[in-house]
Amino acid sequence: MPKFIKDDSKELKETTVVENTAKTEKEILSPLYFPPQDDQMRQKDVATMFGKSIQTICSWTKLNKIPYFRLGDYPIYSRKQLILFASKNHKLISNK
């Protein structure tokens, strides 16, 4: 007679994704985090990403409205940090 076993793997995977996302978020928000080369963006890239002008991105940077790093004379932005930031600050990046 065949035996039926409940498959709990789906529940396990969903839990793992949530835990990994929380861990990744903590790493990205850590004061010791510096974006690797493939995560780094310049002002022009950030402006394109948000659909704003480069001047708006410069203003946001000067006012510390968006997270950035300073590398020499130029600000460097982390794509991961900006995505996380945008997901929590809809009013700042809305087109209205």
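Note that the structure is predicted; figures quoted are calculated from it, not measured.

Undergrad: Would you take a moment to explain the sheet that holds strand 2 (residues 69-71) for this structure?
TA: Whether parallel or antiparallel, the strands of a sheet pair through hydrogen bonds between backbone atoms. Reading across the sheet, the three strands line up as 1-3-2 and stay open at both edges, with antiparallel pairing between neighbours. Both outer strands of the open sheet, strand 1 (40-41) and strand 2, are each paired with one neighbouring strand and no more. In this structure, strand 1 lies alongside strand 3 (residues 74-78), joined through two bridges in antiparallel fashion. For Gln-40, the partnering residue across the bridge sits in strand 3 and is Ser-78. Together, strand 1, strand 2 and strand 3 form the strand contacts of helix 4 (residues 79-88), whose direction differs from that of strand 3 by roughly 65°.

Undergrad: What is the right way to read the pattern of salt bridges from this model?
TA: Where charged atoms from two side chains of opposite charge come close, those side chains can pair. Evaluated as defined, the whole model comprises one salt bridge. Between Lys-88 and Glu-25 there is a salt bridge, with the nearest N and O atoms lying 2.7 Å from each other. Of this pair, Lys-88 sits in helix 4 while Glu-25 sits in helix 1 (residues 9-29); the two residues are 63 residues apart in sequence, bridging distant segments of the chain. Since its relative accessible area comes to 52%, Lys-88 is described here as exposed.

Undergrad: For this particular structure, what's the right way to read the environment of Tyr-33?
TA: Its location among the elements puts Tyr-33 in the loop between helix 1 and strand 1. What makes Tyr-33 buried here is its relative accessible area of 15%. With 48 residues separating them along the chain, Tyr-33 and Gln-81 place their C-alpha atoms 10.0 Å apart. Of the polar contacts made by the side chain of Tyr-33, one reaches the side chain of Asp-39; its length is 2.7 Å.

How each quantity is defined
- Residues numbered from 1 in each chain as written.
- Predicted model: local features only at pLDDT ≥ 70, side-chain atom pairs only at ≥ 80, totals over all residues.
- Heavy atoms only, no water.
- Pairing = 2+ DSSP bridges.
- Helix = DSSP H or I, 4+ residues; strand = E, 2+ residues; numbered from the N terminus.
- Contact = heavy atoms within 4.5 Å.
- Axes fitted to C-alpha atoms, helices over the stretch in contact; angles between N-to-C directions.
- Salt bridge = Lys/Arg side-chain N within 4 Å of Asp/Glu carboxyl O.
- Buried < 20%, exposed > 50% of the residue type's maximum accessible area, 1.4 Å probe, protein only.
- Polar contact = N/O pair within 3.5 Å; in protein donor to acceptor, adjacent residues only side chain to side chain.

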